[in-house]
Number of protein chains: 2
Amino acid sequence: MVYTIKDVAKQARVSTATVSRILNNQPGYSEKTKAKVLQVIEELGYEPNAVARGLVKKRTHTIGVLFPSVSSLFSGKLLSGIESVTHAKESSVIVCHTQELGSKTMKYLHLLNEKRIDGLIFASEVLKGEYYDYIQKMGVPLVLLATESPEFQVPYVKVSDYQASYSAARYLIEKGHTKIGMISGGDDVIAGIPRIEGFKQALKDHALLPLNEENIFWGEDFGYKEGKKNFPFLLKRFPNMTALFCASDHLAMGAMSAAVEIGMKIPEDLSIIGYDNLPIAEMATPPLTTVEQPLEEMGKRAAAGLFRMLESGDKMRAEIMPHQIIERKTVKHL
Amino acid sequence: MVYTIKDVAKQARVSTATVSRILNNQPGYSEKTKAKVLQVIEELGYEPNAVARGLVKKRTHTIGVLFPSVSSLFSGKLLSGIESVTHAKESSVIVCHTQELGSKTMKYLHLLNEKRIDGLIFASEVLKGEYYDYIQKMGVPLVLLATESPEFQVPYVKVSDYQASYSAARYLIEKGHTKIGMISGGDDVIAGIPRIEGFKQALKDHALLPLNEENIFWGEDFGYKEGKKNFPFLLKRFPNMTALFCASDHLAMGAMSAAVEIGMKIPEDLSIIGYDNLPIAEMATPPLTTVEQPLEEMGKRAAAGLFRMLESGDKMRAEIMPHQIIERKTVKHL
DNA sequence: TTGTAAGCGTTATCAC
DNA sequence: GTGATAACGCTTACAA
């Protein structure tokens with residue numbers, strides 16, 4: 001049996017209005033009736049119906065999160081950050097992993113709109129005009145996480161891909177490397193291009209840039225298989241390479257695997273640095289040196305920003321999170 | 001501007017009842033009015049309010065999923081299976097990762113109850129009496145995922161830990177190993193004990209069991225660090241071990257790392273087999289041989305079972321999923 | 001084929 | 001302090 005506010009009211013011999021006031025601790029009742037009502041609530045095990053409440057308050061205490069499923073390792077950390085602040089706000093999160101890169105995004109957006117979520121976090125996927133327009137119509141606050149929008153002015157939380165890649169390359173240079181290759185994860189404007197540009201700029205600033213970019217292999221995506229597949233091609237093009245920057249940890253793991261398979265030793269024959277600092281980086285053999293994105297913290301910031309917009313109504317500003325190099329065992333000082 | 005069914009009705013010059021009928025394609029209107037209404041809906045961009053609908057239908061088209069956050073790699077796969085069938089049912093999933101092993105479980109249960117979720121998937125954590133009682137009161141169908149309950153009769157979806165571990169051990173034996181060690185992940189009744197028992201039984205059936213179980217190291221949890229920390233202890237106790245079964249892939253990764261650090265070669269000096277087949281297993285160097293739990297499929301089954309209970313009302317039966325050995329590179333044939 | 005109106009479980013605006 | 005009662009946006013008898 002699940003009770004309603006009416007049951008409580010009846011049993012406590014007061015009106016539903018009074019019960020409601022007590023539940024929402026608003027003024028307007030004596031201590032005595034409060035005690036009585038609370039007691040009845042306790043007895044019945046009454047819990048308010050958030051659906052009804054949501055209907056009148058026009059606030060569901062639910063936010064939506066849209067992820068591309070491209071890496072559950074990646075989204076797991078972001079999600080746990082989001083969850084932790086969302087739960088602290090007595091709210092819950094509906095997750096939507098859009099399967100094959102955005103194919104179902106519009107469908108999920110509709111679902112979330114019908115559910116009247118309070119706000120939306122859009123993670124690590126590019127915000128198409130179609131999405132943006134629809135979200136505007138939904139009229140809920142939006143924050144981008146681990147992505148940004150050149151086209152629309154939307155608050156976001158991410159590290160600077162450009163700077164982080166610059167740091168990675170510079171780190172390698174500081175370790176004495178001059179023949180540095182890169183495996184990139186694609187040519188998207190958000191993460192793909194800036195990581196390449198940051199890398200190139202670092203080399204250029206140290207007068208190391210090859211003329212024809214033979215040291216950069218443009219892959220299709222950021223996955224393990226891509227890294228494994230492409231490493232040999234890069235090596236063929238750039239055989240005297242002593243260090244390698246991979247645009248993701250997955251890519252790095254793949255490259256490492258390919259390298260080991262042809263008998264190379266990491267880091268003796270080749271230094272490798274990744275990007276992300278996923279849990280796997282620590283577990284690799286040897287443990288992977290990488291540039292960290294503080295994913296969990298980023299999730300927290302995004303959610304915190306969303307709730308701020310929700311509560312105070314003012315716009316959230318973009319937040320560039322600090323990145324840092326996590327030194328482990330895959331880079332050798334020449 | 002977000003429109004209601006009244007706006008549509010007014011604009012189309014019909015009653016809200018008619019609009020509702022059309023929306024839920026129930027009988028009772030001419031083709032002409034239908035066309036008219038649909039057109040208005042299109043024009044206004046009207047989308048029904050699922051909150052209001054949920055209030056009257058007592059069905060929110062939302063299910064809750066409770067995870068222990070102990071491994072996002074693990075829950076990621078389960079979640080994507082759950083999501084895929086849930087979304088196909090036009091429903092959504094609210095996720096709750098209970099932080100430090102169940103500390104917040106009751107709190108989340110209350111949250112989910114207030115939200116009036118239609119059903120609950122309880123993943124890979126032990127179902128305490130307190131939880132069970134409360135869920136009974138909630139009155140929603142429950143299915144256990146990657147866990148089971150000896151105490152209460154609740155449908156569950158999981159592999160047989162006992163059999164899977166037996167298989168792992170037998171696999172090692174078939175590869176010619178006789179000195180086989182194990183690092184376990186704890187002594188819980190669900191996953192801890194059965195994996196140990198299955199392992200022991202396989203050895204016993206092949207007359208390999210040492211007298212004092214010096215070949216089994218009982219760890220605290222299933223994590224990477226635990227594997228790394230405990231491997232040396234096991235090795236000391238059981239120095240002539242040629243093969244090792246780890247009760248999770250994380251444990252295996254940790255053990256491998258520890259082994260490599262003291263100069264051992266995998267699989268030349270030591271064969272290792274894991275348990276789970278997480279994404280990391282494939283990415284390990286060398287790639288980890290392991291016994292697979294079909295996590296994504298398990299998630300699908302659990303959700304499918306839940307919806308069956310929801311729709312037809314009948315009880316779901318427990319489903320033991322098949323496990324299989326994924327042969328990669330960490331086990332050597334002696 | 002269509003409309004009226006009650007009800008879902010709350011909150012909020014009035015009165016008293 | 002407290003209680004009617006009208007919303008909130010929908011569905012669903014019951015009438016017409």
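This text goes with the structure placed above it.
**Q** Explain the relation of the copies chain B and chain A here, please?
**A** Related by rotation about an axis and a shift along that axis, the two copies of the chain form a pair. When chain B is fitted onto chain A, the two copies agree to an RMSD of 0.0 Å after a turn of 180° and an axial shift of 0.0 Å. Taken together, the rotation and translation relating the two chain copies correspond to the operation of a two-fold axis. Considering only C-alpha atoms, the part of chain B nearest the rotation axis is B:I94, at 2.2 Å. Both copies contact each other with a shared surface, as 100% of the interface residues of chain B are interface residues in chain A too.

**Q** Can you help me understand the interface of chain B and chain A in this one?
**A** Many structure descriptions define interface size as the accessible area lost when the parts assemble. With 48 residues of chain B at the contact, the number on the chain A side is 49 residues. Regarding the contact of chain B and chain A, the summed buried area is about 4500 Å², with carbon and sulfur atoms giving 58% of it. A:K107 is the salt-bridge partner of B:E90, the closest N and O atoms lying 4.0 Å from each other. Inspection of the region where chain B meets chain A yields 24 residue pairs in polar contact (both at pLDDT 80 or more). Examining the composition of the side of chain B that touches chain A, we find that 7 residues originate from one element, helix α5 (residues 72-88) of chain B, more than from any other. Its residues placed into classes, the side of chain B that touches chain A shows 21 nonpolar, 18 polar and 9 charged. Inspection of the sheet shows strand β2 (residues 92-98) of chain A paired to strand β2 (residues 92-98) of chain B by 3 bridges, in the antiparallel sense. Pairing of A:I94 across the sheet is with B:I94, part of β2(B).

**Q** Would you explain the sheet that holds strand β3 (residues 119-123) of chain B in this entry?
**A** Within a beta sheet, neighbouring strands are joined by backbone hydrogen bonds and run either parallel or antiparallel to one another. Strand order in the open sheet made by the 12 strands is β11(A)-β5(A)-β4(A)-β3(A)-β1(A)-β2(A)-β2(B)-β1(B)-β3(B)-β4(B)-β5(B)-β11(B), with mixed pairing throughout. On the outer flanks of this sheet lie β11 (319-321) of chain A together with β11 (319-321) of chain B, each paired with one strand and no other. Adjacent strand axes in the sheet meet at a mean angle of 25°, parallel and antiparallel pairs treated alike. Here 2 bridges tie strand β4 (residues 142-145) of chain B to strand β5 (residues 156-159) of chain B, and the two strands are oriented parallel to one another. Paired with B:L144 across the strands is B:Y156, a residue of β5(B). Where helix α13 (residues 295-312) of chain A meets the sheet, it contacts β1 (62-68), β3 (119-123), β4 (142-145), β5 (156-159) and β11 of chain A, and its direction lies at approximately 170° from that of β4(A).

**Q** Where do I start with a nonpolar patch on the surface in this structure?
**A** On the surface, A:L55, A:V56, B:L55 and B:V56 cluster together into a nonpolar patch covering about 350 Å² of accessible area. Of all the secondary-structure elements, those providing two or more residues to the nonpolar patch are α4 (50-57) of chain A together with α4 (50-57) of chain B. Take B:L55: it is sitting in helix α4.

**Q** Would you take a moment to explain empty space enclosed by the protein for this structure?
**A** Think of a ball as big as a water molecule: rolled over the atoms, this probe shows where empty space is left. Overall, the coordinates contain 2 cavities of 30 Å³ or more when judged by the stated rule. Approximately 240 Å³ is the volume found for the largest cavity. Counting residues per element, the ones that place at least two in the lining of the largest cavity are α4 of chain A together with α4 of chain B. For the lining of the largest cavity, the per-class residue count stands at 7 nonpolar, 6 polar and 2 charged.

**Q** I'm lost on the protein's contact with DNA strand C in this one. Help?
**A** Close to DNA strand C lie 29 residues, the nearest being A:I5, A:S20, B:S15, B:R21 and B:T33. Across the atoms of DNA strand C situated within 4 Å of the protein, the share located in sugar and phosphate is 69%. Separating a phosphate oxygen of DNA strand C from a backbone N or O atom of A:N49 is a distance of 3.0 Å. Contact distances for DNA strand C include 3.0 Å between a phosphate oxygen and a side-chain N or O atom of B:T18.

**Q** What is the right way to read the sheet that holds strand β10 (residues 289-292) of chain B from this model?
**A** Residue and element names in this part refer to chain B. One open sheet accounts for 6 strands, arranged β7-β6-β8-β9-β10-β12; its pairing is mixed. The open sheet has two free edges, formed respectively by β7 (216-218) and β12 (324-326), since each of these has just one partner strand. Within the sheet, the average angular offset between the axes of one strand and its neighbour, ignoring direction, is 20°. Both β10 and β12 contribute to a ladder of 3 bridges, which runs antiparallel. Bridge pairing in β12 places V291 opposite I325. Along the sheet, helix α8 (residues 161-174) contacts β6 (180-184), β8 (243-246), β9 (271-276), β10 and β12; its crossing angle with β9, the most-contacted strand, is approximately 160°. Contacting β6, β7, β8 and β9, helix α9 (residues 192-205) crosses the sheet at an angle of about 175° to β6.

**Q** I would appreciate a short explanation of helix α13 (residues 295-312) of chain B in the present structure.
**A** Side chains that are three or four residues apart share a direction in an α-helix, a result of its 3.6 residues per turn. Taking 1.5 Å of rise per residue, 18 residues should cover 26 Å, and α13(B) covers 25 Å from first to last C-alpha, within 8% of that figure. Two residues or fewer after α13(B) comes B:G313, characterised by a positive phi angle close to 80°.

**Q** Teacher, can you tell me more about the pairing of β6(B) here?
**A** Along a regular strand, successive side chains alternate from one face of the sheet to the other. Residues and elements named next belong to chain B. The element β6 is extensively covered by neighbouring structure, given that 5 of its 5 residues are classed as buried. Here β6 shows no split at all, with I180, M182 and S184 on one side and G181 and I183 on the other all buried. Of the strand pairs in this sheet, β6 and β7 are connected by 3 bridges, and their pairing is parallel. Counted as the bridge partner of I183 is F217 from β7.

**Q** I would appreciate a short explanation of the packing of helix α2 (residues 16-23) of chain A against helix α3 (residues 31-44) of chain A in the present structure.
**A** Each packed pair of helices is defined by two parameters, the angle between the axes and the distance between the axes. All names here are of chain A. Their axes nearest at 10 Å, the elements α2 and α3 cross at an angle of 90°. In terms of their interaxial angle, α2 and α3 are classed as roughly perpendicular. Of the residues in α3, those touching α2 at V19, I22 and L23 are T33, K34, V37, L38 and I41. Each residue belonging to the contact of α2 with α3 can be placed in one class, and the counts come to 6 nonpolar, 1 polar and 1 charged.

**Q** Would you mind showing me how to read the nonpolar core here?
**A** Note that soluble globular proteins tend to have their nonpolar side chains buried in a common cluster. Counting residues in hydrophobic clusters, the biggest one holds 150 residues, and the most contacted among them are A:F231, A:L244, B:F231 and B:L244. Apart from residues lying up to four places away in sequence, A:L244 is in contact with A:L172, A:G181, A:M182, A:I183, A:F231, A:L234, A:A255, A:L270, A:S271, A:I272 and A:I273. With 44 residues, the next largest nonpolar core counts A:M138, A:V140, A:L142 and B:I135 among its residues.

**Q** Hey, could you run me through the protein's contact with DNA strand D in this one?
**A** For DNA strand D, the set of nearby residues contains 27 residues, the closest of which are A:R21, A:S30, B:I5, B:Y46 and B:R53. With respect to DNA strand D, the side chain of A:R21 contributes an N or O atom lying 2.4 Å from a base oxygen. Take A:S30: an N or O atom from its main chain is 2.7 Å from a phosphate oxygen of DNA strand D. Elements supplying a minimum of two residues to the surface near DNA strand D: α2 and α4 of chain A together with α2 (16-23) and α4 of chain B. Ranked by the residues each element gives to the surface near DNA strand D, the list is headed by α4(B), at 4 residues. By residue class, the composition of the surface near DNA strand D is 11 nonpolar, 10 polar and 6 charged.

So, how was this worked out
- Residues numbered from 1 in each chain as written.
- Chains lettered and ligands numbered in written order.
- Predicted model: local features only at pLDDT ≥ 70, side-chain atom pairs only at ≥ 80, totals over all residues.
- Heavy atoms only, no water.
- Least-squares fit on C-alpha atoms with pLDDT ≥ 70 in both.
- Contact = heavy atoms within 4.5 Å.
- Buried area = accessible area lost by both parts, 1.4 Å probe.
- Salt bridge = Lys/Arg side-chain N within 4 Å of Asp/Glu carboxyl O.
- Polar contact = N/O pair within 3.5 Å; in protein donor to acceptor, adjacent residues only side chain to side chain.
- Helix = DSSP H or I, 4+ residues; strand = E, 2+ residues; numbered from the N terminus.
- Nonpolar A, V, L, I, M, F, W, Y, C, P; charged D, E, K, R; others polar.
- Pairing = 2+ DSSP bridges.
- Axes fitted to C-alpha atoms, helices over the stretch in contact; angles between N-to-C directions.
- Patch = residues over 30% accessible without salt bridge, like charges linked within 9 Å, V, L, I, M, F, W, Y side chains within 5 Å.
- Areas by Shrake-Rupley, 256 points an atom, 1.4 Å probe, with all protein chains shown as cover.
- 1 Å grid on protein atoms, 1.4 Å probe; cavity = no way out; pocket = protein on both sides within 12 Å on 5 of 7 lines; lining within 4 Å.
- Points joined across faces, edges and corners; volume = space filled by probe spheres on them.
- Near = heavy atom within 4 Å.
- Expected span 1.5 Å × (residues − 1).
- Buried < 20%, exposed > 50% of the residue type's maximum accessible area, 1.4 Å probe, protein only.
- Parallel < 35°, antiparallel > 145°, perpendicular 65-115°, else oblique.
- Core = buried A, V, L, I, M, F, W, Y, C linked by side-chain atoms within 4.5 Å.

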